[in-house]
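Overview (structure and organization)
One letter stands for each residue in the lines below.
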Amino acid sequence: MAGVGERGGDDGMTHMDFEALVALLERVFVAHGVSRANAAILARNCAGAERDGAASHGLFRMAGYVATLRSGWVDGAAVPVVEDAGASFLRVDAANGFAQPALAAAAPLAMERARETGACVIAIRRSHHFGALWPDVEPFAEAGLVALAMVDSMAVVVPEGAQRPVYGTNPLAFAAPRGDGKIVVFDQAVSVMAHGDVQIAAREGRALPPGVGVDAAGVATTDPHAVLNGGALLAFGGHKGASIAMMIEIMAAALTGGLFSHEVDWSAHPGAQTPCTGECVILIDPARGGSGAGFAARVEQLVEALGEAGQARMPGDRRFAARERAMREGVPVSSEMLAGLEGN
Ligand code: NDP
Ligand code: PYC
């Protein structure tokens, strides 16, 4: 039976009020040892991905969070420590906790510093990131700043010409203000497909499109199981994407003091799925640039030019449309998923 804030449908889906979904996920996190403060951040992040139709990092991930917490690999109650490393540089020790609470701890001071000095680097180490990256940049752009975020993950991407995976699926997200209080935003893995989407394809018995990955012998395959069991993903754009993967390893790990994707070793923690690596976020105050207060208008001009040239869809458009629909009609959640979450 549908509970408070829920509406059952004929299709076996319950349309949940977003805040009710956040509250449910918070309860799951807290039940598995996450502090209330951290649970509030992680629950909003995961529910937000589901609301936005970003299935690879939505509710599907809850089982992985729970298994990881049970394994003792991550500290859900970690208290991040923000260290002042210079006028435009904050270091954050996430203390083997999740990256999002570490970013939240640094964000107010980082925004202040970006406005005071023109920019601020947030270098987070010893952090677990298991979510979508756009929530780490969107709020900054909504506040008028340009934001770039990078995370390394676990070695599942084979470098161009190499024999084994070294890079993570390393997402890169960017957001900037445009006219009318809107923002431009993109968020993409460096692999042709996110590892989460390969897992979903495997679970649903779907083949992968050609060009996504290789099997354990390095031979191209469309079998998601072959990619997941000893195979590897390819970087988008061949050597060009691989170089971006390398940059993200350097920025998110070497610069922050976190681990490279290939250094993640969770073998002593069966069930662990959240890579403990690092995250680098760079904030820029666009008012310091040559367009000054006209920056957002300049971005809008670019968006208009893209539209006039025939680009019908901007990155973020699909998610924003899904978000609007879900806020109006509720977030669709399958009965099976809902039962699992309610049973913790
Ligand atoms: P997608 O390939 O689905 O999308 C990448 C970006 O391209 C999005 O901004 C998307 O916008 C945009 N886009 C897609 N199609 C078009 C189009 N036709 N025209 C214009 N723009 C388009 O994302 P990925 O599979 O690469 O990544 C999925 C998620 O996985 C991301 O949120 C990422 O952060 C997360 N991830 C997290 C990792 C971690 O370590 N925490 C590791 C790897 C991935 P829109 O969103 O509106 O569709
Ligand atoms: O989907 O590639 C992925 C991923 C890795 C870590 C979290 N998500």
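Rules behind the numbers
Residues numbered from 1 in each chain as written. Chains lettered and ligands numbered in written order. Predicted model: local features only at pLDDT ≥ 70, side-chain atom pairs only at ≥ 80, totals over all residues. Heavy atoms only, no water. Phe/Tyr/Trp six-rings, centres within 6.5 Å; stacked < 30°, edge-to-face > 60°. Helix = DSSP H or I, 4+ residues; strand = E, 2+ residues; numbered from the N terminus. Buried < 20%, exposed > 50% of the residue type's maximum accessible area, 1.4 Å probe, protein only. Lys NZ or Arg CZ within 6 Å of the ring centre and 35° of its normal. Contact = heavy atoms within 4.5 Å. Domains from an automatic or database assignment. Buried area = accessible area lost by both parts, 1.4 Å probe. Pairing = 2+ DSSP bridges. Salt bridge = Lys/Arg side-chain N within 4 Å of Asp/Glu carboxyl O. Near = heavy atom within 4 Å. Polar contact = N/O pair within 3.5 Å; in protein donor to acceptor, adjacent residues only side chain to side chain. Areas by Shrake-Rupley, 256 points an atom, 1.4 Å probe, with all protein chains shown as cover. 1 Å grid on protein atoms, 1.4 Å probe; cavity = no way out; pocket = protein on both sides within 12 Å on 5 of 7 lines; lining within 4 Å. Sits in = over half its atoms within 2 Å of the grid points. Nonpolar A, V, L, I, M, F, W, Y, C, P; charged D, E, K, R; others polar.

Another aspect to go through is the packing of aromatic side chains. In this structure the tally under the stated criterion is 5 aromatic pairs. With 5.1 Å between their ring centres and 80° between their planes, Phe29 and Tyr65 make a pair best called edge-to-face. Note that Phe29 is positioned in helix α1 (residues 18-31) and Tyr65 in helix α3 (residues 62-71), a separation of 36 residues in sequence. Note on accessibility: Phe29 and Tyr65 belong to one class, buried. Each residue in the set Phe29, Tyr65, Phe98 and Phe130 is aromatic and connected to the rest through ring pairs, giving one cluster. It is Arg51 that lies over the ring of Phe18; its NZ or CZ is 4.6 Å from the centre. Seen from the ring of Phe320, Arg319 lies directly overhead, with NZ or CZ sitting 5.4 Å from the centre.

Locating Arg319 in the fold gives a position in helix α10 (residues 317-329). Each residue touching Arg319, except ones within four places of it in the same chain, is listed here: Asp52, Trp134, Glu138 and Val185.

All right, on to the domain arrangement of the protein chain then. Taken domain by domain, the protein chain comprises domain 1 (6-71 + 317-342), domain 2 (80-189 + 242-311) and domain 3 (192-234). For domain 2 and domain 3, the distance between their C-alpha centres works out to 26 Å. Counting residues at the interface gives 7 residues for domain 2, matched by 6 residues for domain 3. Summed over both partners, the interface of domain 2 with domain 3 comes to about 510 Å²; 72% of that surface belongs to carbon and sulfur atoms. When the buried area of domain 2 at its contact with domain 3 is split by residue, Val156, Val158 and Thr169 rank highest and sum to 57% of it.

In spatial order, the strands read β7-β12-β10-β11; together these 4 strands make up an open sheet with mixed pairing. This sheet does not close on itself; its edge strands, each paired only once, are β7 (157-158) and β11 (220-221). When strand β10 (residues 213-214) meets β11, the two strands line up antiparallel, connected through 2 bridges. The residue bridging Gly213 from the neighbouring strand is Thr221, located in β11.

With that settled, consider the pattern of salt bridges. Tallying each qualifying case throughout the model produces 14 salt bridges. Arg178 is the partner of Glu300 in a salt bridge, and the nearest nitrogen-oxygen pair spans 2.7 Å. Taken together, the positions of Glu300 in helix α9 (residues 295-309) and Arg178 in the loop between β8 (172-177) and β9 (183-188) put the pair 122 residues apart, joining distant regions of the chain. Each member of the pair Glu300 and Arg178 is classed as buried. Residues joined in a network through salt bridges with shared partners are Arg51, Asp52, Glu138, Arg319 and Arg323.

This part takes up the environment of Ala106. Looking at the element boundaries, Ala106 is found in helix α4 (residues 99-117). Put simply, Ala106 and Ser56 are 50 residues apart on the chain and 27 Å apart in space, counted from C-alpha to C-alpha. Sequence-distant contacts of Ala106, defined by excluding residues within four places in its chain, comprise Val82, Leu90, Val92 and Ile122.

A separate point is the site of ligand 2. Taken together, His57, Arg61, His129, Phe130, Met154, Thr169, Ala194, His195 and Gly196 are the residues near ligand 2. Arg61 has a polar side-chain atom sitting 3.0 Å from an oxygen atom of ligand 2. Contact distances for ligand 2 include 2.7 Å between an oxygen atom and a side-chain N or O atom of Thr169. Bound to the protein, ligand 2 loses 94% of the 250 Å² it would expose on its own. Its atoms largely coinciding with the cavity grid, ligand 2 occupies the largest pocket. Each residue belonging to the shell around ligand 2 can be placed in one class, and the counts come to 3 nonpolar, 5 polar and 1 charged. Split by domain, the shell around ligand 2 shows at least three residues from each of two domains, domain 2 (80-189 + 242-311) and domain 3 (192-234).

With that out of the way, let us pick up the pairing of β8. In terms of burial, β8 is a largely internal element, 5 of the 6 residues being buried. Strand direction decides the pairing type here: strand β6 (residues 146-151) and β8, joined by 4 bridges, are antiparallel. Directly across from Leu148, in β8, lies its bridge partner Phe174. Judged from the 6 bridges that link them, β8 and β9 form a sheet pairing that is antiparallel. Residue pairing in the sheet places Ala173 in a bridge with Asp187 of β9. What sits between β8 and β9 in their antiparallel hairpin is a turn of 5 residues, with Asp180 showing a positive phi close to 60°.

This next bit is on the site of ligand 1. Around ligand 1, a shell composed of 21 residues is seen, among which Gly131, Asp187, Ala189, Arg313 and Arg318 lie nearest. Between ligand 1 and His129 there is a distance of 3.2 Å, counted from a nitrogen atom to a side-chain nitrogen or oxygen. Here ligand 1 loses 76% of its free accessible area of 920 Å² to cover by the protein chains. Judged by the fraction of its atoms near the pocket grid, ligand 1 is located in the largest pocket. If you list the elements that add at least two residues to the shell around ligand 1, you get β9 and α10. Here the residues of the shell around ligand 1 sort into 7 nonpolar, 8 polar and 6 charged. Counting the residues that make up the shell around ligand 1, at least three belong to each of domain 1 (6-71 + 317-342) and domain 2 (80-189 + 242-311).

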